[in-house]
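So you can see what is in the structure, the chains are spelled out below.
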Amino acid sequence: MDDTKKQQRIAENWARVSESVATSAAQASRNFDDVKVIGVTKYVDAATTAMLFDAGCASLGESRPQLLWQKAESTSHLNDVDWHMIGHVQRNKIRRLIRHCRTIHSVDSARLLEKIRDEAIQASVQVSVLLEVNVSGEASKTGMDALQLREAIDDYLQWPDAGRLAISLRGLMAMAGRGTNDGEAREQFSEVRELRDKLVSHSGLSLPELSMGMSGDYAAAISQGSTMVRIGSALFDGVLPQ
Ligand SMILES: *Cc1c(COP(=O)(O)O)cnc(C)c1O
């Protein structure tokens, strides 16, 4: 596929997905603006990533730290890409990661949260963090259960001011279990929202963001209050090798 065709196809996909996200939001009596699409670029190279950005998708996500910073470095000519880290992060990757990315969706332990705090203070930056929930209960999935979340938030509330300034706790992130149907996915997303509401009343934090929904289940996620959908394959339909 030549680059012009590819660019065209990606622009069409972006328009289609944006419209479908808007429709899902309207059906849930929500505003389109309340749901941000994070274009997940882990399937494609830097040049194809730039095509998605040029089509209008300003927020991009990667699931591996090294790939995020490599891509951020090779697309540094693009102005203002809003990079999101959406996958598992090891503690020794934080320092380099936060040079390029100020939102981490997938914080799955209090230890990792403390490491991000320490590196953010060191670098004099503020990092927005979402805590990852293991909502499906699958052992293969990362994320915290309700008790671990509450403990991580209680720890955060005890931090000195410098730490609480360096980390903005924005909400929760979750993935529906493998092979769940639409109804099951809705149920899991609704549990995440209820858990968020409980943590809000427990902590007094606002936790406005819910990062839930991927290509196969974003409509279900938006119906349950998702504010960030992480969409990859639907945006690269017809571009990826079959
Ligand atoms: C790959 C990935 C996505 C996007 O998945 P698609 O089904 O391709 O839309 C979303 N979230 C995470 C954490 C991912 O790793």
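It should be emphasised that the depicted structure is a prediction, and the values quoted were computed from it without experimental measurement. (Residues numbered from 1 in each chain as written. Predicted model: local features only at pLDDT ≥ 70, side-chain atom pairs only at ≥ 80, totals over all residues. Heavy atoms only, no water.)

A. The arrangement of the site of the ligand in detail. Taken together, 13 residues sit near the ligand, with Lys42, Tyr43, Ser215, Gly232 and Ser233 positioned nearest. The contact in question runs from an oxygen atom of the ligand to an N or O atom on the side chain of Ser215, over 2.5 Å. Protein contact buries 89% of the 390 Å² of open area that the ligand shows by itself. At a threshold of 2 Å from the grid points, most atoms of the ligand map onto the largest pocket. In terms of residue class, the shell around the ligand is made up of seven nonpolar, four polar and two charged. (Near = heavy atom within 4 Å. Polar contact = N/O pair within 3.5 Å; in protein donor to acceptor, adjacent residues only side chain to side chain. Areas by Shrake-Rupley, 256 points an atom, 1.4 Å probe, with all protein chains shown as cover. 1 Å grid on protein atoms, 1.4 Å probe; cavity = no way out; pocket = protein on both sides within 12 Å on 5 of 7 lines; lining within 4 Å. Sits in = over half its atoms within 2 Å of the grid points. Nonpolar A, V, L, I, M, F, W, Y, C, P; charged D, E, K, R; others polar.)

B. Local environment of a negative patch on the surface. Negative charge collects at one region of the surface, where Asp145, Glu151, Asp154 and Asp155 lie side by side. Using a relative accessible area of 41% as the deciding quantity, one classes Asp145 as partly exposed. (Patch = residues over 30% accessible without salt bridge, like charges linked within 9 Å, V, L, I, M, F, W, Y side chains within 5 Å. Salt bridge = Lys/Arg side-chain N within 4 Å of Asp/Glu carboxyl O. Lys, Arg positive; Asp, Glu negative; His and termini not counted. Charge placed at Lys NZ, Arg CZ, Asp CG, Glu CD. Buried < 20%, exposed > 50% of the residue type's maximum accessible area, 1.4 Å probe, protein only.)

C. How the structure looks around helix α1 (residues 3–27). Relative to the 36 Å expected for 25 residues at 1.5 Å per residue, α1 spans 36 Å between its end C-alpha atoms, a close match to the ideal helical length. Lys6, Ile10, Asn13, Trp14, Val17, Ser18, Val21, Ser24 and Ala25 are the residues of α1 that are buried. Of the surrounding elements, those touching the buried residues of α1 are β1 (36–40), α2 (46–55), α9 (218–223) and β8 (228–231). Capping the start of α1, Asp2 holds a side-chain oxygen 3.1 Å from the backbone nitrogen of Thr4, two or three residues further along. Taken from the residues just after α1, Ser29 is the one with a positive phi, measuring 55 degrees. (Helix = DSSP H or I, 4+ residues; strand = E, 2+ residues; numbered from the N terminus. Expected span 1.5 Å × (residues − 1). Contact = heavy atoms within 4.5 Å.)

D. Main features of helix α5 (residues 110–123). Its 14 residues place the ends of α5 20 Å apart at the C-alpha level, agreeing with the 20 Å of an ideal helix rising 1.5 Å per residue. Burial in α5 covers these residues: Leu112, Leu113, Ile116, Arg117, Glu119 and Ala120. The elements touched by buried residues of α5 are α4 (94–97), β4 (103–107), β5 (127–133), α6 (146–158), α7 (161–166) and β6 (167–174). Directly after α5, the chain includes Ser124, whose backbone phi takes a positive value near 55 degrees.

E. Highlighting the pattern of salt bridges. In the structure shown here, the tally under the stated rule is 11 salt bridges. Residues Glu119 and Lys115 are paired through a salt bridge, measuring 3.1 Å at the closest nitrogen-oxygen approach. Note that Glu119 and Lys115 are positioned in helix α5 at a spacing of four residues, about one turn of the helix. A salt bridge links Arg164 to Asp161, with the shortest nitrogen-to-oxygen separation between them at 3.2 Å. Of the two residues, Arg164 and Asp161 are both situated in helix α7; the distance of three residues between them amounts to about one turn of the helix. Under the relative-accessibility criterion, Arg164 is labelled partly exposed at 33%.

F. Structural context of the packing of aromatic side chains. For the structure on display, the rule yields one aromatic pair. Its end group placed over the ring of Trp159, Arg117 keeps NZ or CZ at 4.5 Å from the ring centre. (Phe/Tyr/Trp six-rings, centres within 6.5 Å; stacked < 30°, edge-to-face > 60°. Lys NZ or Arg CZ within 6 Å of the ring centre and 35° of its normal.)

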